[in-house]
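# Structural description and commentary
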Amino acid sequence: SKISRAMPMIANTNTAGFGMWVEYHATGALSILDFDGSVIWRLDTNRKFLDPTSWYHIVYAGDSTQATAADRLKMYVNGVQETSFAISTYAAQNTDFRFNTEMSGTSNGWMIGKTQTAGTSKFHGYFAHIHNIDGLAYPASTFGETDSTTGGWKPTLNPSVTYGTNGFFLKFENAGAMGTDSSGNNN
């Protein structure tokens, strides 16, 4: 299948387009972007994810206290850290991630499959579990493991994590309440 535009997967943005979001580009690259009139953080993979029949297990881990810029924001796909980026912009040490902050003092909330300003650009695919951790950065191995029978990467269905104040866990198991938070935070 051909993709004509970027498809946002998850976002916390305001109507001006400021905020942080994860998207799947028309090129097949994965991207994470924090934008406040200019780019604060951004990673776009060189690798393309073009198999529309595959599930991808994606983990982003941010820890701005790290001394090395490339260690402040990491991306893992199916348990393997991505290290080759077409774009890699890292903020200064100790810069706050805006992923778990309220944009412009209004209650915009999280958008799954779109952003506030996405218009007709929406994600065309499926989501399984989405974990959002506030205040801690876990490695991909916290959320998945290699299946001993198939050798493929599989998600950990109930990882032992601390979600933090604004964290949440979406299982999408109740069609009548798709946004039910299973983290215990009721976010």
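The preceding data block contains the structure.
Not measured: the values here are computed from a predicted model.

## Some details on unusual backbone geometry
One non-glycine residue, N94, lies in the positive phi region at around 70°. You can see N94 is positioned in the loop between β8 (85-89) and β9 (111-112). With a phi close to 60°, N186 is a non-glycine residue in the positive phi region. For N186, the position within the fold is in the segment after β13 (168-170). Taking relative accessible area as the criterion, N186 reaches 68% and is therefore assigned exposed.

## What to know about the pattern of salt bridges
Enumeration over the complete set of coordinates arrives at four salt bridges. D44 serves as the salt-bridge partner of R42, at 2.7 Å between the closest nitrogen and oxygen. As far as burial versus exposure is concerned, R42 and D44 are alike and both buried. Of the charged contacts, one joins K154 and E145 as a salt bridge, the two residues approaching to 3.8 Å between their closest N and O atoms. Relative accessible area serves as the criterion here: at 40%, E145 is assigned to the partly exposed category. Counted as one network, the salt bridges with shared partners bring together E145, D147 and K154.

## Some thoughts on the sheet that holds strand β5 (residues 58-62)
With antiparallel pairing, the three strands of this open sheet are ordered in space as β5-β6-β7. Two strands close off the open sheet at either side, each with one partner strand: β5 and β7 (80-82). Taken pair by pair, the neighbouring strands of this sheet meet at an average axis angle of 30°, ignoring direction. Across three bridges, the pairing between strand β6 (residues 73-77) and β7 is antiparallel. Looking across to β7, one finds that V77 is bridged to V80.

## Side note on the pairing of β6
Within β6, four of the five residues are buried, which leaves it mostly tucked inside the rest of the structure. Bridge count for β5 against β6 is five bridges, and the pairing is antiparallel. Along β6, the bridge assignment pairs A61 with K74. With antiparallel pairing between neighbouring strands as the criterion, β6 and β7 make up a hairpin whose turn holds two residues, including N78 at a positive phi of roughly 50°.

## Thoughts on the packing of aromatic side chains
Across all of its chains, the model carries five aromatic pairs by this definition. Aromatic side chains F49 and Y56 sit 5.3 Å apart centroid to centroid with 80° between the ring planes, which places their arrangement in the edge-to-face category. Look at Y56 and you get partly exposed, because its relative accessible area is 30%. Measuring from ring centre to ring centre gives 6.2 Å for Y163 and F169, while their planes differ by 10°; the resulting arrangement is stacked. This pair shows no difference in class: Y163 is buried, exactly as F169 is.

## Here we look at the environment of P139
Tracing the chain through its elements places P139 in the loop between β10 (130-132) and β11 (144-146). What makes P139 partly exposed here is its relative accessible area of 38%.

## So, the pairing of strand β4 (residues 39-45)
Most of β4 is tucked away, with five of its seven residues classed as buried. Direction of pairing for strand β3 (residues 30-35) relative to β4: antiparallel, over a ladder of five bridges. Opposite I32, over in β4, you have L43 as the bridge partner. Between β3 and β4, which pair antiparallel one after the other, the connecting turn spans three residues, and G37 there sits at a positive phi close to 90°. Pairing between β4 and β8: four bridges, direction antiparallel. Looking across to β8, one finds that D44 is bridged to I87.

Criteria and cut-off values
Residues numbered from 1 in each chain as written. Predicted model: local features only at pLDDT ≥ 70, side-chain atom pairs only at ≥ 80, totals over all residues. Heavy atoms only, no water. Helix = DSSP H or I, 4+ residues; strand = E, 2+ residues; numbered from the N terminus. Buried < 20%, exposed > 50% of the residue type's maximum accessible area, 1.4 Å probe, protein only. Salt bridge = Lys/Arg side-chain N within 4 Å of Asp/Glu carboxyl O. Pairing = 2+ DSSP bridges. Axes fitted to C-alpha atoms, helices over the stretch in contact; angles between N-to-C directions. Phe/Tyr/Trp six-rings, centres within 6.5 Å; stacked < 30°, edge-to-face > 60°.

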